Amino acid sequence: MDIKEKHYDLILIGSGIGALTVASLMAQYRNKKVLILEQHFKAGGFTHVFKREGKFLWDVGIHYIGDMDENSMLRKIFDLITRGEVQWFKMPQIFEKFVYPGITFGENSDPEEYKKDLISLFPEEAKAIGHYFEDVQKVAGWHGRHMMLKALPPFLDKFGHAIDLIGADSALITTKEYMDRNFKSPKLKAILVSQWGDYGLPPSMSAFAIHALIVAHYLKGGYYPIGGSGVISQSIQKIVQEKGGRILLSREVQEILIEDGKAVGVKVKNRKKSEEAKEDVIEEYTAGAIVSNAGAYNTYTKLIPSKYQIPFLDKLKSFTDRFPLTTNVTLYLGLKDDPKKMGFLGENYWIYSSFDHDQNFKEGINWIEGNNKVPGAYLSFPSLKDPHAHGHTAEVIAFSDYSPFAKWKDQPWKERDEDYKKLKDSIRDRLLDYLEERFPGFKANIEYSEVSTPLTTEHFTQHKRGTIYGLPCVPDRFREKEAPWFSPVTPIKNLFLTGADAASPGMSGAMMGGISAVAHLTDGLKMIQIFREAGKKR
């Protein structure tokens, strides 16, 4: 279809939840005609799903969400953005199991029961465990204030800075520092940080702020979107189209157009037409404001022409070089029979080969190339979390480094050579062997398998080295002097950031990045308006 309309009120680069949040709110409450440009052939970013064999369906990024009970503010905001069209399935009471050598611990959806279970295993640390749950809530609260203060008008900056300092001392130490100060048992420390895969850094690197945020987010259990996470973008696409907006797929934004220091539009490669014509087919679109969901690194280093000076550009590049960018491999499995027959009830499994998570992480980025043992994996069952599922499915995620795959970077997606396919087969076999050791009979239930590598992520997102969580959540990320780019506001007028790099990883974090961006847009909505609207009965 030829798209004749070239000017919009607002252009969104990318269609992840950060962009979709901005698009929905600005369309619903400001009547804006919005254009969303997505380089993938499917909308939704990490919220999209894919299907194989006509019956097996997997999510690529949303494996579960916390804090989605009907009375939570997060659920109310999400319902505001989707107009209540997404329904949620609550996972089992024991919604996560942490599997270690000699011990398996299940996290209860009732935080008091979770606390009691920990104390029954480690009675000598009962007092410290009680304080930990208090600290998690306090520091998660600090992160929430930190994000809300980023949406304050400039004249309130000094006031906001003073408030932001409250709690920062605990928030901006590493997770390991907190654990070592407060607990003695290495096993207890390991169990408490079992979910570090949700933010992608081990205890010695991650900020306690991000650890506390994730733990608090899941204290009341996990939820999954009924029908798969693809329903999220579908619901918002309707809202955008009602106001004359569009979502255009296979559109790779190559440059943000800037005139007189203001962002005025984008230059876009039409991927589909370029393939057909065997040459680049370029389109241009203009708007009163541009919001990028492409990540801070891509936006500042690739999309803004180099002639425009970004004062912190060198610092941003150094930041991405100093800290590891989390990449992963995923094994998607179609199952012959219901996994409930093997005792799985829909809970997630975090499986580790040792209690030392820093060692697990170190081995995790080397296991593919070094042919070492698999140090850990995450096991999930999408079909057990979605009552509308037609085929039985599982997925296995393991962290890895980018380097074992780099030699195939320039080969086309789905057309890479036999050596690449052999490497993927090896990854599949090793991950299945790892699961078989812990769940005998697992391999016999497999009907279909497919491996995804960091190259797939890089191809569809353009993220550096195929990273899945954006900029790493080390303490420096939350210090303004160290990370001035950690904001929805950019040095270019009318250009804003949304998504995880404007807030925090995960769907709820990226959504909050969208809310923060909306609060800064000319004719946008202030946070208090959004919370007020969300609080109304719908």
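- By the naming in an unreviewed UniProt entry, the protein chain is Phytoene dehydrogenase, taken from Leptospira tipperaryensis.

**Description of the overall build of the protein chain**
Turning to step 1, where the next piece is worked out: Each helix and strand in the protein chain was counted, giving 20 helices and 19 strands.
Turning to step 2, where the next piece is worked out: Here the C-alpha radius of gyration of the protein chain, 23 Å, is about what a compact globule of 538 residues would show, namely 24 Å.
Turning to step 3, where the next piece is worked out: Each principal axis of the C-alpha distribution contributes one length, and for the protein chain these read about 65 × 55 × 45 Å.
Turning to step 4, where the next piece is worked out: Residue burial in the protein chain is summarised as follows: out of 538 residues, 59% are buried.
Turning to step 5, where the next piece is worked out: The long-range fraction of contacts in the protein chain, counting pairs at least 24 apart against all pairs at least 6 apart in sequence, stands at 73%.
Turning to step 6, where the next piece is worked out: Entry remark: accessible area of the protein chain is about 22,400 Å², with carbon and sulfur atoms responsible for 50%.
Turning to step 7, where the next piece is worked out: Charge-centre separation for the protein chain: the mean point of 71 positive side chains lies 3 Å from the mean point of 69 negative side chains.

**Concerning the sheet that holds strand 17 (residues 392-400)**
Turning to step 1, where the next piece is worked out: Ordered in space as 8-7-15-16-17-14-18, the seven strands form an open sheet in which the pairing is mixed. In this open sheet, the two strands that pair with only one neighbour each are strand 8 (103-108) and strand 18 (446-452). Across the sheet, the mean angle from the axis of one strand to that of its neighbour is 15°, orientation sign disregarded.
Turning to step 2, where the next piece is worked out: By the bridge criterion, four bridges tie strand 7 (residues 94-100) to strand 15 (residues 348-352) in an arrangement that is parallel.

**With respect to the UniProt feature "transmembrane region" (unreviewed entry) in the protein chain**
Turning to step 1, where the next piece is worked out: The UniProt record marks residues 7-27 with the feature "transmembrane region" (unreviewed entry), using the residue numbering of this structure.
Turning to step 2, where the next piece is worked out: In this annotation, residues 7-27 is assigned 52% helix and 33% strand; the end-to-end C-alpha distance for the span is 15 Å.

**Observations concerning the pairing of strand 11 (residues 251-259)**
Turning to step 1, where the next piece is worked out: Of the pairings in the sheet, the one linking strand 11 to strand 12 (residues 262-270) comprises eight bridges and is antiparallel in character. Bridge pairing in strand 12 links Ile-258 to Ala-263.
Turning to step 2, where the next piece is worked out: Counted between consecutive antiparallel strands, the loop separating strand 11 from strand 12 contains two residues, among which Asp-260 sits at a positive phi close to 50°.

**Some remarks on the pattern of salt bridges**
Turning to step 1, where the next piece is worked out: Within this structure, the stated rule accounts for 29 salt bridges.
Turning to step 2, where the next piece is worked out: Between Asp-429 and Arg-428 there is a salt bridge, with the nearest N and O atoms lying 3.0 Å from each other.
Turning to step 3, where the next piece is worked out: Overall, Arg-428 belongs to the partly exposed group, its relative accessible area being 24%.
Turning to step 4, where the next piece is worked out: When the shortest N-O distance is used, the salt bridge between Lys-443 and Asp-433 registers 2.7 Å. A residue pair is termed long-range when its members are at least 10 positions apart, and Lys-443 in the loop between helix 17 (418-438) and strand 18 and Asp-433 in helix 17 qualify at 10 residues.
Turning to step 5, where the next piece is worked out: Exposure remark for Asp-433: the relative accessible area of 35% places this residue in the partly exposed category.

**Description of the packing of aromatic side chains**
The geometry of an aromatic ring pair is captured by two quantities: the separation of the ring centres and the angle between the planes.
Turning to step 1, where the next piece is worked out: The tally for this structure, following the rule as stated, stands at 38 aromatic pairs.
Turning to step 2, where the next piece is worked out: Members of the aromatic cluster, connected to one another through ring pairs, are Phe-98, Phe-105, Tyr-114, Tyr-132, Phe-133, Tyr-178, Phe-183 and Phe-208.
Turning to step 3, where the next piece is worked out: Above the plane of the ring of Tyr-8 lies Lys-33, whose end atom (NZ or CZ) is 5.6 Å from the centre.
Turning to step 4, where the next piece is worked out: The ring of Tyr-434 carries Arg-438 above its face, with NZ or CZ at 3.8 Å from the centroid.

**Looking at helix 7 (residues 175-182)**
Turning to step 1, where the next piece is worked out: Listed in full, the buried residues belonging to helix 7 are Thr-175, Tyr-178 and Met-179. All buried residues of helix 7 lie within an arc of 95° about the axis, which places them on one face of the element.

**Quick notes on the domain arrangement of the protein chain**
Quite often, the size of an interface is put as the accessible area lost when its parts meet.
Turning to step 1, where the next piece is worked out: Partitioning the protein chain into structural domains gives domain 1 (7-50 + 64-82 + 227-322 + 467-535) and domain 2 (108-220).
Turning to step 2, where the next piece is worked out: Using C-alpha coordinates to define each centre, domain 1 is positioned 27 Å away from domain 2.
Turning to step 3, where the next piece is worked out: At the junction of the two partners, domain 1 supplies 24 residues and domain 2 supplies 25 residues.
Turning to step 4, where the next piece is worked out: Counting each side, the surface lost to burial between domain 1 and domain 2 is near 2,000 Å², with a carbon and sulfur contribution of 64%.
Turning to step 5, where the next piece is worked out: The largest contributions to the domain 1 side of the interface with domain 2 come from Tyr-64, Tyr-469 and Phe-478, which together make up 28% of the buried area.
Turning to step 6, where the next piece is worked out: Applying the counting criterion to the domain 1 and domain 2 interface returns zero salt bridges.
Turning to step 7, where the next piece is worked out: In this structure, the connection of domain 1 to domain 2 is made through eight residue pairs in polar contact (both at pLDDT 80 or more).
Turning to step 8, where the next piece is worked out: Of all elements in the fold, only strand 5 (65-66), helix 19 (506-520) and helix 20 (527-535) reach the threshold of two or more residues within the side of domain 1 that touches domain 2.
Turning to step 9, where the next piece is worked out: Element by element, the count of residues in the side of domain 1 that touches domain 2 is highest for helix 19, at four residues.

**Brief notes about helix 20**
Given 3.6 residues per turn, any residue in an α-helix points the same way as the ones three and four places further on.
Turning to step 1, where the next piece is worked out: Taken together, the buried positions of helix 20 are Met-527, Ile-530 and Ala-534. Buried residues along helix 20 cover an arc of 60° about the axis, so they all sit on one side.

**Describing the sheet that holds strand 9 (residues 222-225)**
Turning to step 1, where the next piece is worked out: If you trace the three strands from one edge of the open sheet to the other, you get 5-9-6, paired in antiparallel fashion. Across the chains shown, the open sheet's two edge strands, defined by having one partner strand only, are strand 5 and strand 6 (88-90).

**Structural notes on the environment of Met-68**
Turning to step 1, where the next piece is worked out: Note that Met-68 resides in the loop between strand 5 and helix 2 (73-82).
Turning to step 2, where the next piece is worked out: Put simply, Met-68 and Phe-399 are 331 residues apart on the chain and 27 Å apart in space, counted from C-alpha to C-alpha.
Turning to step 3, where the next piece is worked out: Apart from the residues within four sequence positions on either side, Met-68 is in contact with Leu-74, Arg-75, Phe-78, Trp-88, Tyr-223 and Met-507.

**What to know about the nonpolar core**
Turning to step 1, where the next piece is worked out: Formed by 85 residues in total, the largest nonpolar core has its most connected members in Tyr-132, Val-266 and Trp-485.
Turning to step 2, where the next piece is worked out: Here the element with the most residues in this core is helix 4 (residues 126-149); it accounts for eight residues.
Turning to step 3, where the next piece is worked out: Composition of this core by domain shows at least three residues from each of domain 1 (7-50 + 64-82 + 227-322 + 467-535) and domain 2 (108-220).
Turning to step 4, where the next piece is worked out: For Val-266, the residues in contact, after removing those within four places along its chain, are Ile-11, Ile-13, Leu-37, Val-253, Glu-255, Ile-256, Leu-257, Glu-283, Glu-284, Tyr-285 and Ile-290.
Turning to step 5, where the next piece is worked out: Within the second largest apolar cluster, 45 residues are counted, among which are Ile-17, Val-34, Val-240 and Ala-517.

**With respect to the pairing of strand 4 (residues 56-59)**
Turning to step 1, where the next piece is worked out: Both strand 3 (residues 49-52) and strand 4 contribute to a ladder of four bridges, which runs antiparallel. Note on strand 4: the bridge partner recorded for Arg-52 is Phe-56.
Turning to step 2, where the next piece is worked out: From the end of strand 3 to the start of strand 4, which pair antiparallel, there are three residues, and Glu-53 there has a positive phi angle of about 60°.

Conventions and cut-offs
- Residues numbered from 1 in each chain as written.
- Predicted model: local features only at pLDDT ≥ 70, side-chain atom pairs only at ≥ 80, totals over all residues.
- Heavy atoms only, no water.
- Helix = DSSP H or I, 4+ residues; strand = E, 2+ residues; numbered from the N terminus.
- Rg over C-alpha atoms; globule rule 2.2 N^0.38 Å.
- Buried < 20%, exposed > 50% of the residue type's maximum accessible area, 1.4 Å probe, protein only.
- Contact = heavy atoms within 4.5 Å.
- Areas by Shrake-Rupley, 256 points an atom, 1.4 Å probe, with all protein chains shown as cover.
- Lys, Arg positive; Asp, Glu negative; His and termini not counted.
- Charge placed at Lys NZ, Arg CZ, Asp CG, Glu CD.
- Pairing = 2+ DSSP bridges.
- Axes fitted to C-alpha atoms, helices over the stretch in contact; angles between N-to-C directions.
- UniProt positions renumbered as here; feature names shortened; annotations may be inferred.
- Salt bridge = Lys/Arg side-chain N within 4 Å of Asp/Glu carboxyl O.
- Phe/Tyr/Trp six-rings, centres within 6.5 Å; stacked < 30°, edge-to-face > 60°.
- Lys NZ or Arg CZ within 6 Å of the ring centre and 35° of its normal.
- Arc of directions from axis to C-beta.
- Domains from an automatic or database assignment.
- Buried area = accessible area lost by both parts, 1.4 Å probe.
- Polar contact = N/O pair within 3.5 Å; in protein donor to acceptor, adjacent residues only side chain to side chain.
- Core = buried A, V, L, I, M, F, W, Y, C linked by side-chain atoms within 4.5 Å.

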